[in-house]
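An overview of the molecular structure
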Amino acid sequence: MDSAPEPSQTASVPLGTSPSTAVLASISERKSLVMDQSLLEWAQEAGFVMKSITVGYFEEGRGLKATEEIKVDEILIEVPREWIFDQATALESDIGHVIRENDALSDDPLSTLCLFVMYEGQNPKSKWKPYLDILPKEYDMPTEWTNEEIELLKGFKIYDDVFKKLEMLEKSYEQVQVLMKHYPEEFSADIHTYSKFRWAYNAIVSRGFRLEDKQPRLIPMVDMMNHPSIQKEGVQHCKITLDKDTKNFQVISTHHYLSGDQLWLNYGTKTNSEWLLDYGMISMNKDDYIVLELPEEMLADAIQIKEKQEFLEQNNLPTPRVGVDCCFRT
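In what follows, the accompanying structure is described. These numbers were taken from a predicted model, which means no experiment stands behind them. (Residues numbered from 1 in each chain as written. Predicted model: local features only at pLDDT ≥ 70, side-chain atom pairs only at ≥ 80, totals over all residues. Heavy atoms only, no water.)

Some details on the overall build of the protein chain
Within the protein chain, the regular secondary structure consists of 11 helices and 6 strands. For the protein chain, the proportion of its 330 residues judged to be buried stands at 38%. Of the contacts formed within the protein chain by residues at least 6 apart in sequence, a portion of 64% connects residues at least 24 apart. Element-wise, carbon and sulfur atoms account for 51% of the exposed surface of the protein chain, whose accessible area totals about 19,800 Å². (Helix = DSSP H or I, 4+ residues; strand = E, 2+ residues; numbered from the N terminus. Buried < 20%, exposed > 50% of the residue type's maximum accessible area, 1.4 Å probe, protein only. Contact = heavy atoms within 4.5 Å. Areas by Shrake-Rupley, 256 points an atom, 1.4 Å probe, with all protein chains shown as cover.)

The following block contains the structure:
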């Protein structure tokens, strides 16, 4: 890696930017490029199949882009089963015995994965290190905000959701703390802290995948693909699938791409609250909706109306439309 240039060697400095800031930005850019190269080399050595794509930088941040023309239904990425972060991989890892010996973990795939990612993230000899190195060191979800910042959400449903999530994380880590005391060779209270546990959780919820089995998993390289904002509505997403025979994870093109095009992945239909809570971001969102909490008496009346409508439909009788479409949760 080249040494950073001295301030006097900087060819040009943007207006409003001091030379020292420009040098720091240059160092950061070089470091990112080195990590990107290490990641690509690691993926190749690990047996990843990556066709016609590489790491690129866009207004959304780091992503994947086409290096040449790509046709429809081409396999762009194939990740070998053993390099997918999930409960099964955790069971085969250095802490697999910890998971097998504790029923509470075996029955909780998300906590298992948090423990596993935290453990590998603090392991300087981890075989996943080039991948773990490119993960954000910090996340901007509301669970990482100060109390004053969280108070700005008061009056919105997400306000309660933040505290529910914090309570869940605290309880999960309390269980992990008890477990770690029994395995001092694997875990250290000074290293595997609550902060590192939250970091692992945030990485999983913001970058993870749940397929038909609903199990949480991190999939290196694939999780670098961005979700398009509404301003980019109409772009084609790639398709993701799990090969039934090899159990490898595949990304397949859905349309024709040109060299330099960013490859997109649809993260799903979510509300603005869900985007903020799990991804730390909000954008123009046509799928947004709000949840209204009704008094019990109003809810009872609404349920009666719904039951009457269902009765009419079941008996093939004319069904009047009343109010708006609702989803009742009791």
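Following the structure, the description resumes.
Side note on a negative patch on the surface
Residues Asp140, Glu148, Glu149 and Glu151 make up a contiguous surface patch of negative charge. With respect to the helices, strands and loops of the structure, Glu148 is situated in helix H7 (residues 147–151). (Patch = residues over 30% accessible without salt bridge, like charges linked within 9 Å, V, L, I, M, F, W, Y side chains within 5 Å. Salt bridge = Lys/Arg side-chain N within 4 Å of Asp/Glu carboxyl O. Lys, Arg positive; Asp, Glu negative; His and termini not counted. Charge placed at Lys NZ, Arg CZ, Asp CG, Glu CD.)

Comments concerning helix H8 (residues 157–181)
Its 25 residues place the ends of H8 37 Å apart at the C-alpha level, agreeing with the 36 Å of an ideal helix rising 1.5 Å per residue. By the burial criterion, the buried members of H8 are Ile158, Tyr159, Asp161, Val162, Lys165, Leu166, Leu169, Ser172, Tyr173, Val176, Leu179 and Met180. Buried residues along H8 sit against helix H3 (96–100), helix H4 (103–106), helix H5 (109–121), H7, helix H9 (194–207) and helix H10 (272–279). (Expected span 1.5 Å × (residues − 1).)

Things to note about the pattern of salt bridges
If you walk through the whole model with that rule in mind, you get 9 salt bridges. A salt bridge links Arg62 to Asp36; the shortest N-O distance between them is 3.0 Å. You can see Arg62 sitting in strand S3 (residues 61–66) and its partner Asp36 sitting in helix H1 (residues 19–45), a full 26 residues away along the chain. Note on Arg62: relative accessible area 22%, which makes it partly exposed. Here Lys171 makes a salt bridge to Glu167, at a shortest N to O gap of 3.3 Å.

Observations regarding the packing of aromatic side chains
For the coordinates displayed, the defined rule picks out 16 aromatic pairs. Plain terms: the ring middles of Phe85 and Phe116 are 5.1 Å apart, the flat faces sit at 50° to each other, and that makes the pair tilted. With a gap of 31 residues between them, Phe85 in the loop between strand S4 (75–79) and helix H2 (87–91) and Phe116 in helix H5 connect regions that are remote in the sequence. Considered together, Phe85 and Phe116 belong to a single accessibility category, that of buried residues. When the ring of Phe85 is compared with that of Trp128, the centres are 4.4 Å apart and the planes differ by 40°; the resulting orientation is tilted. Of this pair, Phe85 sits in the loop between S4 and H2 while Trp128 sits in the loop between H5 and helix H6 (129–134), and the two are 43 residues apart along the sequence. Judged on exposure class, the residue Phe85 and its partner Trp128 are both buried. What links up through ring pairs into an aromatic cluster is the set Trp42, Phe48, Trp83, Phe85, Phe116, Trp128 and Tyr131. We note Lys127 situated over the ring of Trp83; from NZ or CZ to the ring centre the distance is 4.8 Å. (Phe/Tyr/Trp six-rings, centres within 6.5 Å; stacked < 30°, edge-to-face > 60°. Lys NZ or Arg CZ within 6 Å of the ring centre and 35° of its normal.)

Considering the nonpolar core
In terms of nonpolar packing, the biggest core is built from 64 residues, with Val79, Phe85, Tyr131, Phe187, Val222 and Phe249 touching the most fellow members. What Phe249 contacts, discounting residues up to four positions off in sequence, is Ile77, Glu78, Val79, Ile84, Phe209, Leu211, Ile219, Val222, Ile240, Thr241 and Leu242. Judged by nonpolar contacts, the second largest core, of 8 residues, contains Ile150, Leu153, Val162 and Leu166. (Core = buried A, V, L, I, M, F, W, Y, C linked by side-chain atoms within 4.5 Å.)

Remarks on the packing of H8 against H10
Look at H8 against H10: their axes get within 11 Å of each other, and the N-to-C directions meet at 30°. With respect to H10, the axis of H8 lies roughly parallel. Handedness of the H8/H10 crossing: right-handed. Counted together, Ile158, Asp161, Val162 and Lys165 of H8 and Ser273, Leu276, Leu277 and Asp278 of H10 form the full contact between these two elements. (Axes fitted to C-alpha atoms, helices over the stretch in contact; angles between N-to-C directions. Parallel < 35°, antiparallel > 145°, perpendicular 65-115°, else oblique. Left-handed = near helix turned anticlockwise from the far one by under 90°.)

Let's talk about the packing of H8 against H9
For the pair H8 and H9, interaxial distance at closest approach is 10 Å and the crossing angle is 120°. Taken together, the axes of H8 and H9 lie oblique to each other. The two elements H8 and H9 cross, and the hand of that crossing is right-handed. Taking contact as the criterion, the partners of Lys165, Leu166, Met168, Leu169, Glu170, Ser172, Tyr173 and Val176 in H8 are, on H9, Tyr194, Phe197, Arg198 and Tyr201. When grouped by side-chain class, the residues that make up the contact of H8 with H9 number 8 nonpolar, 1 polar and 3 charged. (Nonpolar A, V, L, I, M, F, W, Y, C, P; charged D, E, K, R; others polar.)

A word on the side chain of Arg198
On the secondary structure map, Arg198 appears in helix H9. Not counting the four nearest positions on each side in its chain, Arg198 is found in contact with Thr143, Glu144 and Leu169.

A word on the sheet that holds S4
Spatially, the 4 strands line up as an open sheet ordered S1-S4-S6-S5, and their pairing is antiparallel. Because the sheet does not close on itself, it has two edges, and the strands there are strand S1 (49–50) and strand S5 (239–242). Pairing geometry for S1 and S4, over 2 bridges, is antiparallel. For Met50, the partnering residue across the bridge sits in S4 and is Ile77. (Pairing = 2+ DSSP bridges.)

Just distances and angles here, no functional claims.
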